[in-house]
Every structure is written in C-alpha cells, then in structure tokens.
Number of protein chains: 2
Amino acid sequence: MTDQSKSAVPTIGVFDSGFGGLTVLRALIEQLPRARFAFLGDTARLPYGSKSRRTIARYAAESAQFLVREQGAEFLVIACNTASALALDAIQEAVPVPVLGVIEPGAEAARAASRTGDVLVVATEATVQSHAYAAACHAKGLRALEKACSLLVPLVEEGWTGHPVTAEVIEIYLKELRAEAAAIGMNPDTLLLGCTHYPLLRRLFEGAVRPGAKVIDSAEAVAQAALGRFNGRAAARGTVQETEVHCFATDSVEKFERLGPRFLGRPVGHVELIDLGG
Amino acid sequence: MTDQSKSAVPTIGVFDSGFGGLTVLRALIEQLPRARFAFLGDTARLPYGSKSRRTIARYAAESAQFLVREQGAEFLVIACNTASALALDAIQEAVPVPVLGVIEPGAEAARAASRTGDVLVVATEATVQSHAYAAACHAKGLRALEKACSLLVPLVEEGWTGHPVTAEVIEIYLKELRAEAAAIGMNPDTLLLGCTHYPLLRRLFEGAVRPGAKVIDSAEAVAQAALGRFNGRAAARGTVQETEVHCFATDSVEKFERLGPRFLGRPVGHVELIDLGG
C-alpha cells in the first residue's frame, strides 16, 4: 500500500481511538471536499482515557505511523481528545509530517468567540481530568471551567441525539456547570464542545445555552485550522475529482460500520480491519 | 502470597473485567459473611464485550490463575457476564478448583420464578449479542427475549441510581421490550437483570414492571448457588471471625476505590494494583 504515498494528491490522515473522530473528518470534508482522506480508529485499544500517558503515546504513534507509512498521509489530524491532550508531542516525533491536534484549535475558536473571556467546556471525564482545554484556554488569556458529561457519549451511541431524555440530561449538566461558574464569579458567554461525539448534540446544546451565548465545536475548529495548512500543498499537487475516504479500524468493524454514518453524515464504505499489535 | 493457599479458611475468588461484579461479591457476603474473599477486576483490559472469544478466554484464564495461585482461592465465581458467556469452559480448564458463572444461576432463578415460562432479559449489548441468557433459559424450557440497555451502565456509574432520568430511561426500554414480546405472542411475568450493574437499579426496575411481575437479580442468584457449593468446604475448614475482602485491579485503582463502595455496599479498602501483562 506504500505506493499510495506517491499519489499525485496528498492524503490527510485522521486518527482517533474510536470512531467519534468521524465528526472531525466530516468537518474536514466540508472544508476540503476534493481531498483524499484516510481515517484510522484504534478501536481494539479504546478507551484511551483510562490508560497511562506512556501507553497512549505508544498506541497513538503506531497509529500515526500506519497513516503516514502505509497510507501516504502528508498531514495528520488527531481527532482524539485524549491523544491530543497527552501524546501530541510523541506523535509529532514519530512521523515526519505536520500534526494537528483537536484541542488548540478549539481553544482558539473559543478565544475568537468570547467577549467576556469566560468559557465553559464540556467533555468526557478523561479529557476533563487532563485539563488540556483549560490549559489551552488559559494560555490564550481565557478563564475556563470544565465539566465531565459522562452520559452524553452513551446517549449519542444509543442514537438518542434528538431525544427528550438527552435534552434533559444536557439541561442538568449545564445548570450544574453554570452554578459552579457563578459561584466563582465567572460570566461565561461561550460553550466549547470538547468531545468528538458532541457535534451530534449541537442543536440540543444550542437550545440549552443562554440567549446570545455561543456554542463552539472543536471538530469545526480543527477543520478550519487544517484548511489553512493544507491548501498550499493541495494547490501545488492537485486534487481528486470528489472526496475519497478510506476507513480503517483495529477491531469492532461491525460497530464502526453501523454507527459511523451518523457521525460522518455519509456512508463510511467498507471499513478495513488492520492489526497494529498489542 | 501463595502461602495464603494454606490458610485454614478457604478463600472464594471473584472475578470481573471491571468492578460491576462487586454487586455479586456483595450478594456473596450476605450469604457467606464469615468467608475470605479475593476480588479481581481486570480493569486494564476492559471492556471484554468488544473483544474476541479467544482473547477473552486468555484474559479470564490469567485472572482466574492469579486468584487461585496467588490468592489461594478454592472456589471461583465469574462475576462477569461476558466471561461467563464466552469463556467459562476455558476458565475451568485453566484452574483446578470449581468455577461458577453468573448466567446459569440467573436462568435457573428465572425458571423458578416464572409461571408463564416467558422471561424478559435486560443486559449490556455484548451480553445480548452473545445470547447466553436466552440459550440458558431455553435449555430450561423457558422462552426468553433479550434487550440491550446500553444507557444503564453509564447512568449507574454517574451515580444516578435513583434519578428521574434513569427511571424514565428504564420505562422506555421496558416499554419497547414489552411491545416486542407482545408482537411475538409472549406473556412474560419475569424480568431477569443480566448485568452486574443493574442490582443498583433494582428498585427502579421493580417500580417499572407490571404488578405481579418478578424481578430476578443474577447477582443474588449466583450467590445462592455458591452458598450450596461452598458450605461443605467451610464447615470442614472453619470460618473467619468477620468477612475478609481483598480487592485487586489491573488499572484505574482510583475509579475502583471511588465507585466500588456503591456497588459493594461497604468500603472496598485498599485496592492493590497488579500486573497480568498485556
């Protein structure tokens, strides 16, 4: 497969521990409809969130090397919050191509959106425990308060993306988060969705925030950031006639094929099972 | 630690891929309050549900060997539905002590409870996909209809065990399940809880079933089954003054120590981190 690295059209590699990162791929396709994409979900070794930094770095580096060496990716987007938070440097060291994580672009979009400088962040427990979004926001002069919303990924995977129960759960989480923010004197006007599953809940989030508050989706933010970096290469090398997407997974291909289209907003096609070892 | 195998008091080993099996340990303690227990949660390698039968069998056999060789267990309870469904034979081959899974006793309790012979089973997606409860029920002359209730484990782990949202989710699942049962002419009078997290939702389930319907908890059922097998050994070898519980985990000791007491109904004490390899 390495002859694909000689393709006239540069490939963008997108990596996630699961298939939630397909929302990032979806946003990338909207920005770059005439590119070739290779997506890898390391589903055999998820969840990354409960594993050590060293283990996550090794897994993510192996996945990145597959995308670069086997799929000819000339640009990598890490569509996994845990890997972006804990292993971005290790991935960048493992491959000779530019690597873009999902956290910094999200924080940058929040900075651009917020007038008060106070931002709320919702994410999984593992992402919140890493405090990667808070750190990235602080580095841009924002105050950020994070909340783990552990029920939202299961609700999305159950397909309840417009369900009244999901709306109620989001109301409960945001009410708690706003109360915590008020208690420490924050005046938030921006909500940052810091999980790749949450773009599927964007309408419910937009219905639950206060009037005038902005909802920032880190999947969209990373696609915007990728656009700038990628356009130069694409212009120099040409593009494909229409979007090409190739999906790979290390396990659970059935679940990937069944749930993937909801996240990608289009068919995922045949998902190829690959083995990256233990 | 192998000298513990020479203890005057026989040890019961309890194994799960996570810590949900602590509800089984809780039921065992109620039946056998003067025994010594060693509980192992293979938290580094969960979830088992998405892995192949061969991999699960290897993981479960390694865990069983730890409990027998290192902790001196003379009797093993497999408090993990996936391992019980897919690897009970492999575990029994790997260790020279009696092994009891969680599925057969659950099905037996359902048989004893049901008058119509029609049973509903709620469980995780992986357990439902294995159809292990349906097969065990059918072997006893029951008709069984299974439903995956994927939101319930996350709701329990969020601590929402008495929350109105959880009650609503259970209502939705049971309504769907009853409609499916009616459509195929079943007349169910028994609900079998086929997941080690669900005993924490027992009151909500009891409030959601039809009047007169029985709720069977496979954790209680396996403890009843263990009682009969263990009493002979205990009578011959003596008992401890009070319950002794030693907990081990292969990862995420913090989460185990934080959530474990809810499942066990008592402090879990210090959870020892062990390494079973990859």
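Overview of the structure. The structure presented is a predicted model; accordingly, all values stated were derived computationally and were not measured. (Residues numbered from 1 in each chain as written. Chains lettered and ligands numbered in written order. Predicted model: local features only at pLDDT ≥ 70, side-chain atom pairs only at ≥ 80, totals over all residues. Heavy atoms only, no water.)

**Re the overall build of chain A**
In plain terms, the rule: Helix and strand assignments come from DSSP, with helices taken as H or I runs of at least 4 residues and strands as E runs of at least 2, each series counted from the N terminus. The globule rule is 2.2 Å times the number of residues to the power 0.38, and the radius of gyration it is compared with is taken over C-alpha atoms. Only protein chains enter the accessibility calculation, which uses a 1.4 Å probe. A residue is then buried if its area is under 20% of the maximum for its type, exposed if over 50%, and partly exposed in between. The contact criterion used throughout is that any non-hydrogen atoms of two residues lie within 4.5 Å. Each accessible area is a Shrake-Rupley result for a 1.4 Å probe, and residues are judged covered by the shown protein chains and nothing else. Lys and Arg are tallied as positive, Asp and Glu as negative. Neither His nor the chain termini are counted. Charge positions are represented by NZ for Lys, CZ for Arg, CG for Asp and CD for Glu.
Within chain A one finds 11 helices and 10 strands. Taking 19 Å as the expected radius of gyration for a compact globule of 278 residues, we find that chain A reaches 18 Å, a close match to that expectation. Counting only C-alpha atoms and orienting by the principal axes, one finds that chain A spans roughly 60 × 40 × 35 Å. Burial statistics for chain A: of 278 residues in total, 56% are counted as buried. Sequence-distant contacts, at least 24 apart, represent 76% of the contacts inside chain A between residues at least 6 apart. When the accessible area of chain A is evaluated, it comes to approximately 11,200 Å², of which 50% is carbon and sulfur surface. One finds the centroid of the 28 positive side-chain charges in chain A at a distance of 4 Å from the centroid of its 31 negative side-chain charges.

**Focus: the nonpolar core**
Put simply, the test is: Grouping buried Ala, Val, Leu, Ile, Met, Phe, Trp, Tyr and Cys residues that are joined through side-chain atoms within 4.5 Å yields what is termed a nonpolar core.
In this structure, Phe-205 of chain A together with Phe-205 of chain B are the most contacted members of the largest nonpolar core, which totals 155 residues. Dropping the residues within four chain positions of it, Phe-205 of chain A is found in contact with Val-122, Leu-152, Ile-170, Leu-174, Leu-191, Leu-193, Tyr-198 and Val-215 of chain A.

**Concerning the packing of helix H1 (residues 22-31) of chain B against helix H11 (residues 253-264) of chain B**
All names here are of chain B. The test is simple: Between N-to-C directions, angles span 0 to 180 degrees; the directions come from axes that are lines fitted to C-alpha atoms, helices contributing only their stretch in contact. Any angle between 65 and 115 degrees counts as roughly perpendicular, while under 35 counts as roughly parallel, over 145 as roughly antiparallel, and the rest as oblique. Left-handed describes a crossing in which the near helix is turned anticlockwise from the far one by less than a right angle; the clockwise case is right-handed. Residues are sorted three ways: Asp, Glu, Lys and Arg are charged, Ala, Val, Leu, Ile, Met, Phe, Trp, Tyr, Cys and Pro are nonpolar, and all the rest, Gly among them, are polar.
Close contact between H1 and H11 brings their axes to 8 Å; oriented N to C, the two are set at 45°. Taken as axis vectors, H1 and H11 run oblique relative to one another. Where H1 crosses over H11, the handedness of that crossing is right-handed. Contacts from Leu-22, Thr-23, Leu-25, Arg-26 and Ile-29 of H1 reach H11 at Phe-256, Gly-260, Arg-262, Phe-263 and Leu-264. For the contact of H1 with H11, the residue count by class is 6 nonpolar, 2 polar and 2 charged.

**Structural notes on the pattern of salt bridges**
Residue and element names in this part refer to chain A. Test applied: Any Lys or Arg side-chain nitrogen located within 4 Å of an Asp or Glu carboxyl oxygen qualifies as a salt bridge.
As enumerated under the stated definition, the model contains 32 salt bridges over all chains in all. Linking Glu-157 and Lys-255 is a salt bridge whose minimum nitrogen-to-oxygen distance equals 3.3 Å. Pair noted here: Glu-157 is in helix H7 (residues 152-157) and Lys-255 is in helix H11 (residues 253-264), with a separation of 98 residues, a long-range link. What makes Lys-255 partly exposed here is its relative accessible area of 27%. A salt bridge links Arg-202 to Asp-217; the nearest nitrogen and oxygen atoms lie 3.7 Å apart. On the criterion of sequence distance, the pair formed by Arg-202 in helix H9 (residues 202-208) and Asp-217 in strand S8 (residues 214-217) is long-range, its members being 15 residues apart. Residue Asp-217 is classed as buried on the basis of its relative accessible area, which comes to 8%. Through salt bridges with shared partners, a single network forms among Asp-42, Arg-45, Arg-58 and Glu-62.

**Some words on the interface of chain B and chain A**
Our working rule: Note on terms: buried area is the combined drop in 1.4 Å-probe accessible area of two parts once they are placed together, counting the loss on both. We call two N or O atoms a polar contact when they sit within 3.5 Å, provided that within protein one can donate a hydrogen and the other can accept it, with sequence-adjacent residues counted only if both atoms are side-chain atoms.
Residue-level contacts link 22 residues of chain B with 22 residues of chain A. When chain B packs against chain A, close to 1,700 Å² is buried across both sides, 56% of that on carbon and sulfur atoms. Three residues, Leu-151, Glu-158 and Trp-160 of chain B, lead the burial of chain B against chain A; their summed loss comes to 26% of the area buried on that side. Put simply, chain B and chain A have 2 salt bridges between them. Among the ionic pairs, Arg-258 of chain A bridges to Glu-125 of chain B, the shortest N-O distance being 2.9 Å. At the junction of chain B with chain A, the criterion picks out 4 residue pairs in polar contact (both at pLDDT 80 or more). The biggest single contributor to the side of chain B that touches chain A is helix H8 (residues 164-183) of chain B, with 5 residues. Partitioned by chemical class, the residues of the side of chain B that touches chain A number 11 nonpolar, 5 polar and 6 charged.

**Thoughts on the sheet that holds strand S6 (residues 143-148) of chain A**
Residues and elements named next belong to chain A. Stated formally: Here the rule is simple: two strands pair whenever DSSP picks up at least two bridges between them.
On the basis of which strands lie adjacent, the open sheet formed by 4 strands has the order S6-S5-S7-S8 and parallel pairing. Each edge of the open sheet is held by one strand with a lone partner, namely S6 and S8. Strand-to-strand, the axes of this sheet are offset by a mean angle of 25°, without reference to chain direction. Against the sheet, helix H6 (residues 132-139) makes contact with strand S5 (118-123), S6 and strand S7 (190-193), and its axis sits at roughly 170° relative to S6, the strand it touches most. Seen against the sheet, helix H8 (residues 164-183) touches S5, S6 and S7 and runs at an angle of roughly 145° to S6.

**Topic: the relation of the copies chain B and chain A**
How we decide: Least squares is used to superpose the copies, and the fit set is the C-alpha atoms of residues whose pLDDT is at least 70 in both copies.
Aligned on chain A, chain B shows an RMSD of 0.0 Å; the corresponding rotation is 180° and the shift along the axis is 0.0 Å. This pairing of chains is accounted for by a two-fold axis. In this assembly, 95% of the residues forming the interface of chain B have copies in chain A that are likewise at the interface, indicating an isologous arrangement.

**Concerning the pairing of strand S2 (residues 36-41) of chain A**
All names here are of chain A. The test is simple: Looking down the strands as they point away from the viewer, one classifies a crossover as right-handed if the path from the first strand across the helix to the second runs clockwise.
Burial analysis of S2 places 6 of its 6 residues in the buried class, which makes it a mostly covered element. Burial of the side chains of S2 extends over both faces: Arg-36, Ala-38 and Leu-40 are buried on one face and Phe-37, Phe-39 and Gly-41 on the other. When strand S1 (residues 11-16) meets S2, the two strands line up parallel, connected through 6 bridges. Bridge pairing in S2 links Thr-11 to Arg-36. Where the polypeptide runs from S1 across helix H1 (residues 22-31) and back to S2, its parallel neighbour, the crossover connection is right-handed. Relative to strand S9 (residues 244-249), S2 runs parallel, the two sharing 6 bridges. Bridge pairing in S9 links Ala-38 to His-246.

**A closer look at the environment of Ala-134 of chain B**
All names here are of chain B. Residue position: Ala-134 is located in helix H6 (residues 132-139). Residue Ala-134 is classed as buried on the basis of its relative accessible area of 8%. In this structure, the C-alpha to C-alpha distance between Ala-134 and Leu-145, residues 11 residues apart in sequence, is 6.9 Å. What Ala-134 contacts, discounting residues up to four positions off in sequence, is Ala-144 and Glu-146.

**Comments concerning the packing of aromatic side chains**
This is how it is decided: A pair of aromatic rings is counted whenever rings of Phe, Tyr or Trp (Trp by its six-membered ring) have centres within 6.5 Å, and the orientation is called stacked for planes under 30 degrees apart, edge-to-face for over 60 and tilted otherwise. By definition, being over a ring means that NZ of Lys or CZ of Arg is both within 6 Å of the ring centre and within 35 degrees of the ring normal.
Counting across every chain of the model gives 16 aromatic pairs over all chains. Arranged with centres 6.2 Å apart and planes meeting at 45°, the rings of Phe-15 of chain A and Tyr-48 of chain A form a pair that is tilted. Taken together, the residues Phe-15 of chain A in strand S1 and Tyr-48 of chain A in the loop between S2 and helix H2 (53-70) connect sequence positions 33 residues apart. The residues Phe-15 of chain A and Tyr-48 of chain A share a single accessibility class, namely buried. Aromatic pair Phe-19 of chain B and Phe-263 of chain B: ring centres 5.4 Å apart, planes at 80°, arrangement edge-to-face. Within this pair, whereas Phe-19 of chain B is found in the loop between strand S1 (11-16) and H1, its partner Phe-263 of chain B is found in helix H11, the two being separated by 244 residues in sequence. One exposure class covers both Phe-19 of chain B and Phe-263 of chain B, and it is buried. Members of the aromatic cluster, joined through ring pairs, are Phe-19, Phe-39, Phe-256 and Phe-263 of chain A. The aromatic ring of Tyr-59 of chain A is capped on one face by Arg-45 of chain A, whose charged end is 4.0 Å from the ring centroid.

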